[in-house]
Amino acid sequence: MRLAHVTLAAVLALAAGPAGAQVLSNPNATNQALTSESTARGNQIGTTSQNNAARMEMQRSQTSQPPAPPTGAVGAPRR
């Protein structure tokens, strides 16, 4: 999963390089491309944040569970 994020970041970094911006002669196209990249980055950050929040919540719920009751026959002690 982490490798996928690194790969996506590398692809976005290459696409956002100066050579890619120079190919576009229309300023509006450049603005649209930058907007699209920004939106994609925002979506990726949002997804990562949601995944991290869910993972932390799962870890909290696992550590805050009360211990399991003892198994087996439990009786009153003899006097």
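What you see is a predicted model; the values in this text were computed from it and never measured.

A. Region of interest: the overall build of the chain. Along the chain, the regular secondary structure elements total three helices and zero strands. Element order for the chain, N to C, with α for helix and β for strand: α-α-α. Counting the 79 residues in the chain, one finds 6% classified as buried. Entry remark: accessible area of the chain is about 7,000 Å², with carbon and sulfur atoms responsible for 61%.

B. Quick peek at the pattern of salt bridges. Evaluation of the coordinates by the stated rule reveals two salt bridges. The partner of Arg-41 in a salt bridge is Glu-37, and the shortest N-O contact between them spans 3.7 Å. Placement of the pair is Arg-41 and Glu-37 together in helix H3 (residues 27-63), with a separation of four residues, close to one helical turn. Judged by relative accessible area, Arg-41 falls into the partly exposed class, the value being 38%. Assessed through its relative accessible area of 13%, Glu-37 is described here as buried. With its nearest N and O atoms 3.4 Å apart, the salt bridge here joins Arg-60 to Glu-57. Placement of the pair is Arg-60 and Glu-57 together in helix H3, with a separation of three residues, close to one helical turn. Looking at Glu-57, the relative accessible area reads 45%, which means it is partly exposed.

C. Spotlight on H3. In this model H3 runs 54 Å from its N-terminal to its C-terminal C-alpha over 37 residues, within 8% of the 54 Å that 1.5 Å per residue would give. Here H3 has its buried residues at Thr-30, Glu-37 and Gln-44.

D. Examining the confidence of the model for the chain more closely. Of all residues in the chain, 63% have pLDDT values of 70 or greater, and the mean over the chain is 78. For the chain, helix H2 (residues 18-23) is the element with the lowest average pLDDT, namely 54, and H3 is the one with the highest, namely 92.

Conventions and cut-offs
- Residues numbered from 1 in each chain as written.
- Predicted model: local features only at pLDDT ≥ 70, side-chain atom pairs only at ≥ 80, totals over all residues.
- Heavy atoms only, no water.
- Helix = DSSP H or I, 4+ residues; strand = E, 2+ residues; numbered from the N terminus.
- Buried < 20%, exposed > 50% of the residue type's maximum accessible area, 1.4 Å probe, protein only.
- Areas by Shrake-Rupley, 256 points an atom, 1.4 Å probe, with all protein chains shown as cover.
- Salt bridge = Lys/Arg side-chain N within 4 Å of Asp/Glu carboxyl O.
- Expected span 1.5 Å × (residues − 1).
- pLDDT = per-residue confidence, 0-100.

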